[in-house]
Amino acid sequence: MPDFIAKTLEDGKKPDVLPEPLSIAEIEALDLPDTQWIQGTLLPYPGLVALSGPPESYKTFFALWMAIRASSGLPVFSTHGDIGYTELSGPVPTLFIEEENTMQLFRSRMMAMKRAGCTELYSYVDEGFKMMDEGWRAKVLEFVDKKGIKLIFMDPFSSVMGLKDENSNAEVSVVMDIIRKEFIKRNITVVFIHHPSKGDGDGKSLRGAGDITGKCDVHLTFSVENVTERLINVKYAKMRVADRSKLKDFQIRLDGSKETKDFEFVYVGEKENEFVEERNKLREDILRVFEDGKARSRKELCEELGVNDKGQKFRAVWDYLLEGGII
C-alpha cells in the first residue's frame, strides 16, 4: 500500500469501541427519513453525485448554475416543476471548489449568469485544495459547520481529490470513503465533475477506477446536441435513490448572452433514449420506401436501406409493422 494512503488511514478517526451488527428489528426501528431533494431527481440530500461529459459539454457551467439556484432557494428550472424542484426550505448554503479554471474565468462565468438572491454561495477557486490533505479537510469542515453548508461542488474530480493515480482502486477507495464518512454522513450533498472514459461514446463510464462510479448515488452525463442553439442532452447514467424506470432523460438549453449577463439554463423537454430514436427513424425510413407501392422482400428492403435484417432494432420495427398491418 502506498505510504500516503497508509498515512491517510492511520490519521483517520478510530472508534474506541467497534460497533455490533444490527438486527432486522433494530434496523426497522431506526428513525431515518426518506431521501429528500435539494434539486429533485438531480441532487438528492444527502448524496454523492457525478456529472460527466466531454470537453465543452457545459457540465461545469451547469454545475455552477445549479449552485447559484440552490443557494438562492430556487429550483433549477423556472418553467418545469418535475425536474429540479427543491424540498428544502429557503436558500441552501453551498460551497463550490474549483481547481480547473482560474479565478478570472470562474468570475466571468459567475457574472454572466442570472443570480438574483444568490447570497449563500461560497467558493474556493484555484487554491490547491486536496481532499487527501487532512489540513484542507479540517479547514473545509470547519467552514461547513460555520456556514451550515449542505451542498458542495468539486471540479474536477482528480485535482480536487488530490489523486496521484485515478486508476488505482486502492487510492480511489480511500478518497471515496473519506467523502462518504466525513461529508455525506454530515448530511451534505457532494457533487463532483469528472471526465468519461476515453472512447466511451455515451459517457456512462467514468474515467479511472471503478469505485468512482460505484460509490455514486446519481450519475448524470452531458453531451451537446446542437452547438449553435446550445442544446444539451442530459442522461441518467446511474440512479439508485429513485426509480430509474420512471425517469426520462431530457434536454436543456443555455439561453442568454454574456453581454447582458442573463445566462440561464432552461428545460426543453424529455429525450428518448438512443435506441428508441433510432427505431423510430428506421420505421419512418421503411414506410418511406414502401410509398412507391412496389413489393419488396425483407432482404431486398434491408439491402436498400443498408441495415442488418437480423439486428434487434430492425426485427423490432419489422414485427411491429407486420403485426399492426401497416405493411
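The residue count restarts for each chain, going from 1 along the sequence in the order it is written. Where local features are concerned, this predicted model is filtered to residues with pLDDT of at least 70; where side-chain atom pairs are given and counted, the filter is 80 or more; whole-chain, interface and lining totals use all residues. With hydrogens and water stripped out, all remaining heavy atoms of the structure feed into the side-chain values.

**Examining the overall build of the protein chain**
Within the protein chain one finds eleven helices and eleven strands. When its C-alpha atoms are laid out on the principal axes, the protein chain stretches across 80 × 55 × 40 Å. Each residue is placed in one exposure class: buried if its accessible area under a 1.4 Å probe, protein chains only, is under 20% of its type's maximum, exposed if it is over 50%, and partly exposed if it falls in between. Buried residues in the protein chain amount to 44% of all 327 residues. Computed with a 1.4 Å probe, the accessible areas rest on the Shrake-Rupley method; for each residue, only the protein chains presented here act as cover. Split by element, the accessible area of the protein chain, about 17,500 Å² in all, is 49% carbon and sulfur. For the protein chain, the centre of its 46 positive side-chain charges and the centre of its 55 negative side-chain charges are spaced 2 Å apart. For the purposes of this entry, the term helix denotes a DSSP run of H or I that reaches at least four residues, the term strand denotes a run of E that reaches at least two, and both are numbered from the N terminus. In this charge count, Lys and Arg are treated as positive and Asp and Glu as negative; neither His nor the chain ends contribute. To locate a charge, take NZ of a lysine, CZ of an arginine, CG of an aspartate or CD of a glutamate.

**Considering the packing of helix H10 (residues 298-305) against helix H11 (residues 312-323)**
Working convention: axes come from line fits to C-alpha atoms, limited for helices to the stretch in contact. Angles between N-to-C directions cover 0 to 180 degrees. At a closest axis distance of 13 Å, the pairing of H10 and H11 adopts a crossing angle of 125 degrees. It follows that H10 is oblique to H11 by the angle criterion. The handedness of the crossing between H10 and H11 comes out as right-handed. Facing Arg 298, Leu 301 and Cys 302 of H10, the residues of H11 in contact are Phe 314, Arg 315 and Trp 318. Looking at the contact of H10 with H11, its residues break down into four nonpolar, no polar and two charged. Here the angle decides the label: under 35 degrees means roughly parallel, over 145 means roughly antiparallel, 65 to 115 means roughly perpendicular, and every other value means oblique. Crossing handedness follows the turn of the near helix against the far one: under a right angle anticlockwise gives a left-handed crossing, and clockwise gives a right-handed one. Here, residues are in contact when the closest pair of their heavy atoms is within 4.5 Å. Throughout, the ten residues Ala, Val, Leu, Ile, Met, Phe, Trp, Tyr, Cys and Pro are labelled nonpolar, Asp, Glu, Lys and Arg are labelled charged, and all others, Gly among them, are labelled polar.

**Things to note about the packing of helix H3 (residues 59-71) against helix H4 (residues 103-111)**
Two quantities define a packed helix pair, namely the angle between the helix axes and the distance between the axes. Contact geometry for H3 and H4: axes closest at 11 Å, N-to-C directions at 60 degrees. Here H3 is positioned oblique relative to H4, judged by the angle of their axes. In this structure, the crossing between H3 and H4 has a hand that is right-handed. Each of Thr 60, Phe 61, Leu 64 and Ile 68 in H3 lies in contact with H4, whose residues at this interface are Phe 106, Arg 109 and Met 110. When its residues are assigned to classes, the contact of H3 with H4 shows five nonpolar, one polar and one charged.

**Notes on the environment of Asp 31**
Within the secondary structure, Asp 31 sits in the loop between helix H2 (24-29) and strand S1 (36-39). Overall, the relative accessible area of 76% leaves Asp 31 in the exposed class. In the structure, Asp 31 is positioned 268 residues away from Lys 299 in sequence and 62 Å away in space, judged by C-alpha atoms.

**Quick notes on the pairing of strand S5 (residues 121-125)**
Burial within S5 is extensive, with four of its five residues counted as buried. We call two strands paired when DSSP finds no fewer than two bridges between them. When strand S4 (residues 94-98) meets S5, the two strands line up parallel, connected through five bridges. Paired with Glu 98 across the strands is Val 125, a residue of S5. Crossover connection from S4 via H4 to parallel S5: handedness right-handed. By convention, a crossover is right-handed whenever its connection, traced from the first strand over the helix to the second and viewed with the strands pointing away, goes clockwise.

**Some remarks on the sheet that holds S5**
Taken together, the nine strands give an open sheet; going across it, the order is S5-S4-S6-S7-S3-S8-S9-S10-S11, and neighbouring strands pair in mixed fashion. Whereas interior strands pair on both sides, the edge strands pair on one side only; in this sheet they are S5 and strand S11 (264-270). On average, adjacent strands in this sheet sit at an angle of 20 degrees to one another, irrespective of strand direction. Relative to strand S7 (residues 189-194), strand S6 (residues 151-155) is paired through four bridges, and the arrangement is parallel. Looking at S7, one finds that Leu 151 is bridged to Thr 189. The strands touched by helix H5 (residues 134-147) within the sheet are S4, S5 and S6, with S5 carrying the most contacts at an inclination of about 165 degrees.

**Observations concerning the environment of Phe 192**
Checked against the element boundaries, Phe 192 lands in strand S7. Phe 192 gets classed as buried once you look at its relative accessible area, which sits at 0%. Put simply, Phe 192 and Leu 206 are 14 residues apart on the chain and 12 Å apart in space, counted from C-alpha to C-alpha. Residues contacting Phe 192, with those up to four places away along its chain left out, are Leu 48, Val 49, Ala 50, Leu 51, Met 154, Phe 157, Met 176, Leu 206, Ile 212 and Cys 216.

**Things to note about the pattern of salt bridges**
Salt bridges, as used here, are contacts in which a Lys or Arg side-chain nitrogen is within 4 Å of a carboxyl oxygen on Asp or Glu. Taken as a whole and judged by the stated rule, the model has 14 salt bridges. For Arg 288, the salt bridge is made with Asp 285, and the minimal N-O distance between the two is 3.5 Å. Taken as a pair, Arg 288 and Asp 285 lie in helix H9 (residues 274-289) at a separation of three residues, close to a single helical turn. Here Arg 288 falls in the partly exposed class, since its relative accessible area comes to 47%. Sharing partners across several salt bridges, the network here consists of Asp 177, Asp 211 and Lys 215.

**Let's talk about unusual backbone geometry**
Cis geometry is found at the peptide bond from Tyr 45 to Pro 46, where omega equals -10 degrees. With respect to the helices and strands, the residue Pro 46 is situated in the loop between strand S2 (43-45) and strand S3 (47-52). Of note, the bond from Asp 155 into Pro 156 is cis; its omega dihedral lies within 30 degrees of zero at -10 degrees. Mapped onto the elements of the fold, Pro 156 is located in the loop between S6 and helix H6 (157-161). Phi is positive for Thr 41, close to 60 degrees, though the residue is something other than glycine. Within the secondary structure layout, Thr 41 lies in the loop between S1 and S2. Phi at Asp 126 is positive, roughly 55 degrees, even though this residue is not glycine. Structurally, Asp 126 can be placed in the loop between S5 and H5. Look at Asp 126 and you get partly exposed, because its relative accessible area is 48%.

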